[in-house]
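Here is how the chains run, residue by residue.
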Amino acid sequence: TPIDLTCTLGIVCPPIVSPMVVENDLEWCNAVVNIPAFAPRLCPNTTSALIEYQLSGAGAEGTSNNTWIIGQPSGLRYKVGTTTVRVRARAGSLLSPECTFDITVLDKQNPRLTCPTGIYQFGTEGTACAYPGSAAMNPAATDNCSTIGGTSPLTLNFSAPGATPSTGTTLAGALFPLGSTLVTW
């Protein structure tokens with residue numbers, strides 16, 4: 001039987017909406033994304049082929065970007081951001097055309113603030129009519145995505161009508177007048 005030399009290795013790409021947009025898993029800065037399976041389309045002269053994928057952009061936990069990895073790109077923990085996924089079939093030195101799509105993981109979990117409880121300061125006769133704030137009056141902030149790209153995305157801002165200054169990022173150095181001042185973060 002003659003071998004069909006015009007057949008080229010192919011890949012069956014499942015229907016995927018690109019970009020595939022998902023929300024992060026609760027308490028994680030990534031999301032497990034399940035993708036339909038890719039399958040090789042073999043030629044009569046090939047008996048088997050491997051599926052391999054390559055990620056670029058945000059990437060996935062435990063994988064290296066821009067490296068071809070044997071297997072399916074499903075079930076991975078894709079990081080917050082956009083990852084481009086390229087998938088192809090390989091049979092020896094034969095490579096199929098690629099299926100390419102984007103996965104975007106959105107961080108939909110708000111940061112948490114732990115504010116100090118009510119702070120009361122009592123002046124004594126003859127002291128100044130303003131009380132200085134301190135960093136100990138700032139809330140503690142945590143976020144499931146505390147760092148993305150090596151920088152902290154959290155910026156705390158306050159509003160305290162009557163204080164000087166009345167807005168800012170820390171209460172250290174702010175002056176509070178006599179009476180009650182509501183600080184909003």
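This text goes with the structure placed above it.
Counting from 1, residues in each chain are numbered in the order their sequence is written. Only residues with pLDDT of 70 or above have their local features reported here, since the model is predicted, and side-chain atom pairs are shown and tallied only from 80 upward, although totals for entire chains, interfaces and linings are computed over all residues. To get the side-chain values, take all heavy atoms of the structure and skip hydrogens and water.

Novice: Outline the pattern of salt bridges, supporting the account with residue identities and numerical values.
Specialist: Pairs may arise between side chains of opposite charge once their charged atoms sit close together. Definition used for salt bridges: Asp or Glu carboxyl oxygen within 4 Å of a side-chain nitrogen of Lys or Arg. Applying the stated criterion to the full structure yields five salt bridges. As a salt-bridge pair, Arg112 and Glu27 come within 2.4 Å of each other at their nearest N and O atoms. Of this pair, Arg112 sits in strand S11 (residues 112-114) while Glu27 is found in the loop between strand S2 (20-23) and strand S3 (30-33), placing the two residues 85 residues apart along the sequence. Connected via shared salt-bridge partners are Glu52, Arg88 and Arg90. Helix numbering and strand numbering both begin at the N terminus, where a helix is a DSSP run of H or I of at least 4 residues and a strand a DSSP run of E of at least 2.

Novice: Help me get a handle on the side chain of Glu52, residues and values and all.
Specialist: Structurally, the position occupied by Glu52 is in strand S5 (residues 50-57). We call two N or O atoms a polar contact when they sit within 3.5 Å, provided that within protein one can donate a hydrogen and the other can accept it, with sequence-adjacent residues counted only if both atoms are side-chain atoms. A polar contact of 2.6 Å, which involves the side chain of Glu52, links it to the side chain of Arg88. A distance of 3.1 Å separates the side chain of Glu52 from the side chain of Arg90, its partner in a polar contact. Contact between two residues is taken to exist if any of their heavy atoms lie within 4.5 Å; hydrogens are not considered. Apart from the residues lying within four places of it in its own chain, the contact partners of Glu52 are Trp68, Ile69, Ile70, Gly71, Arg86, Val87, Arg88, Arg90 and Leu95.

Novice: Quick rundown of the state of the cysteines? Include the residues and the values.
Specialist: When two cysteine sulfur atoms are found within 2.5 Å, that pair is recorded as a disulfide. Scanning the model with the defined rule gives two disulfides in all. Two residues share a disulfide in this structure: Cys13 and Cys99, whose sulfurs sit 1.3 Å from each other. Disulfide Cys13 to Cys99: torsion about the S-S bond roughly -60°, handedness left-handed. On the criterion of sequence distance, the pair formed by Cys13 in the loop between strand S1 (10-12) and S2 and Cys99 in strand S10 (residues 99-106) is long-range, its members being 86 residues apart. The partly exposed category is assigned to Cys13, whose relative accessible area is 38%. With its sulfur 2.0 Å from that of its partner, Cys29 forms a disulfide with Cys145. Here the disulfide of Cys29 and Cys145 is right-handed, its torsion about the S-S bond being about 115°. Taken together, the positions of Cys29 in the loop between S2 and S3 and Cys145 in the loop between strand S13 (140-142) and strand S14 (158-159) put the pair 116 residues apart, joining distant regions of the chain. Burial here depends on accessible area, computed with a 1.4 Å probe over protein chains only, as a share of the maximum for the residue type. Under 20% is buried, over 50% is exposed, and the range in between is partly exposed.

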